[in-house]
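# Observations on the model geometry
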Amino acid sequence: MAGVYVHFPFCATRCIYCDFYARVGKDWKPYIEALLTELSERKDFLKGVPPTTLYFGGGTPSLLPAGELARVADAVRTTFGVSDFEEFTLEVNPDDVTAERAAAWRSMGAGRVSVGVQSFCDTHLRWMHRRHTAAEAVTAVETLRRAGFDNLSLDLIFGFTELSDDDWAASIAAALALRPEHISCYQMMGRLADSDEDRCRRQYALLQERLSAAGYRQYEVSNYALPGYESRHNSAYWAREPYLGLGAGAHSFDGDRLRCWNTPDIDAYAASRPGGEERLSDREVLEEKLMLSLRTVRGLDLSSLTDPELGSVKKATLEELSRAGKLIVEGSRIRIPEGELFVSDWIISRLFPEHTA
Ligand code: SF4
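Residues numbered from 1 in each chain as written. Predicted model: local features only at pLDDT ≥ 70, side-chain atom pairs only at ≥ 80, totals over all residues. Heavy atoms only, no water.

### Points about the domain arrangement of the protein
- Taken domain by domain, the protein consists of domain 1 (3-237) and domain 2 (281-357).
- A C-alpha centroid distance of 29 Å is found between domain 1 and domain 2.
- Each partner contributes to the interface: domain 1 provides 13 residues, whereas domain 2 provides 11 residues.
- Summed over both sides, the interface between domain 1 and domain 2 buries roughly 1,000 Å², with carbon and sulfur atoms accounting for 55% of that surface.
- Arg295 is paired through a salt bridge with Glu220; the nearest N and O atoms lie 2.9 Å apart.
- The interface formed by domain 1 and domain 2 contains four residue pairs in polar contact (both at pLDDT 80 or more).
- Those elements that provide at least two residues to the side of domain 1 that touches domain 2 are helix H7 (197-213) and strand E9 (217-220).
- Here the side of domain 1 that touches domain 2 takes five residues from H7, the largest share from any one element. (Domains from an automatic or database assignment. Contact = heavy atoms within 4.5 Å. Buried area = accessible area lost by both parts, 1.4 Å probe. Salt bridge = Lys/Arg side-chain N within 4 Å of Asp/Glu carboxyl O. Polar contact = N/O pair within 3.5 Å; in protein donor to acceptor, adjacent residues only side chain to side chain. Helix = DSSP H or I, 4+ residues; strand = E, 2+ residues; numbered from the N terminus.)

Take a look at the structure:
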């Protein structure tokens, strides 16, 4: 399978924790034209494989007029000769959701909406510089439901200094009360992150426990879904399927060794689309396979590795991690137990070829 990602790097204001490339403004007209040009110039990147998923991310795609978004979606369909997608996701911010826009998003073919809620505590939302309240997030979800969206994902953030365990439990409960089909929870990183590792680990475990009890299945370090609602687009990233990324700062992957990107600069993108590319070495390919697959609860099938790759996986470390309960070995498949996913990066890095104990 293959996917198309389109980046819309515009925001109404900046949130204090965000590192995504985006800028405040509404000067999107030349940008949309540049997107359509890039689409037509790079249509062969997927080597004839028609995309089955489309993802509009940002930034804040919901800030743009629905007609502009529909133009881009239609152009992707026409360019690849597909009538529709198995999954078409649109990222929205709660303050952009109105009945009219929701209806227009449905009409352009979006079937899945990812809502940037982040928290159900107004104090924390203000601290993050979010533009909505908890009540507005609830209203946004209700509006999307009334428009017919039956595949909603909510984003939440944990692991910041202001967040107590009780606050976190309340936000989880508020999210569950809305019964979204999918929930993504990210740990805050960088200068605003909570340095209390024990509290972060507790909050991660609380999330796993509450979501599991409510019928959600964790399928990746940060992602939970009701059965059948796992994100196909993101799952394809972790399976190293090819995708074409369009827009300033967007990355593309050919499904083998080529990773390329557009420079994150709207003006430069519109003018000449600068960017870069790299061809992964054997070692980098193996590290990617380990890093991406072991973040999922399915883990990695060792029999899918080439002989040289398999030879580079440290058997002694594998056995050591298995004995320590950090890895589960089931036939040829290895995976990280759910109780250890919080430290998955550390576990995976131990398996990297160059790691020395
Ligand atoms: S709206 Fe989203 S992309 Fe924009 S600054 Fe906030 S978190 Fe970042």
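### Some details on the pairing of strand E11 (residues 243-246)
- Because side chains alternate across E11, one face comprises the buried residues Tyr243 and Gly245, and the other comprises Leu244 and Leu246, equally buried.
- Sheet topology note: the strand E1 (residues 3-8)/E11 ladder contains four bridges and is parallel. Residue pairing across strands places Tyr5 opposite Gly245, the latter belonging to E11. (Buried < 20%, exposed > 50% of the residue type's maximum accessible area, 1.4 Å probe, protein only. Pairing = 2+ DSSP bridges.)

### Examining the sheet that holds strand E16 (residues 328-330)
- Spatially, E15-E17-E16 is the arrangement adopted by the three strands of the open sheet, whose pairing is antiparallel. Where the open sheet ends on each side, the last strands, each with one partner, are strand E15 (300-301) and E16.

### Section: the site of the ligand
- Residues in close proximity to the ligand include Cys11, Thr13, Arg14, Cys15, Tyr17, Cys18, Gly59, Thr60, Asn93 and Arg130, which together make up its full environment.
- Its residues assigned to classes, the shell around the ligand comprises four nonpolar, four polar and two charged. (Near = heavy atom within 4 Å. Nonpolar A, V, L, I, M, F, W, Y, C, P; charged D, E, K, R; others polar.)

### Focus: the nonpolar core
- Formed by 107 residues in total, the largest nonpolar core has its most connected members in Phe56 and Trp105.
- Mapping this core onto the domain boundaries places at least three of its residues in each of domain 1 (3-237) and domain 2 (281-357).
- If we ignore the near neighbours within four places in the chain, the residues touching Trp105 are Ser62, Ala66, Leu69, Leu90, Val92, Asp96, Val97, Ala110, Leu144 and Phe149. (Core = buried A, V, L, I, M, F, W, Y, C linked by side-chain atoms within 4.5 Å.)

### Some words on the state of the cysteines
- Throughout the structure, instances matching the rule amount to zero disulfides.
- For Cys185, which is in no disulfide, the shortest distance to another cysteine sulfur is to Cys200 and amounts to 13 Å.
- Overall, the relative accessible area of 1% leaves Cys185 in the buried class. (Disulfide = S-S within 2.5 Å.)

### Section: the environment of Leu63
- Tracing the sequence through the fold places Leu63 in the loop between strand E4 (53-58) and helix H2 (66-80).
- When its relative accessible area of 11% is taken as the criterion, Leu63 is described as buried.
- Along the primary structure Leu63 and Phe10 are separated by 53 residues, whereas in three dimensions their C-alpha atoms are 7.4 Å apart.
- Each residue touching Leu63, except ones within four places of it in the same chain, is listed here: Phe10, Cys11, Ala12, Gly25, Trp28 and Asp96.

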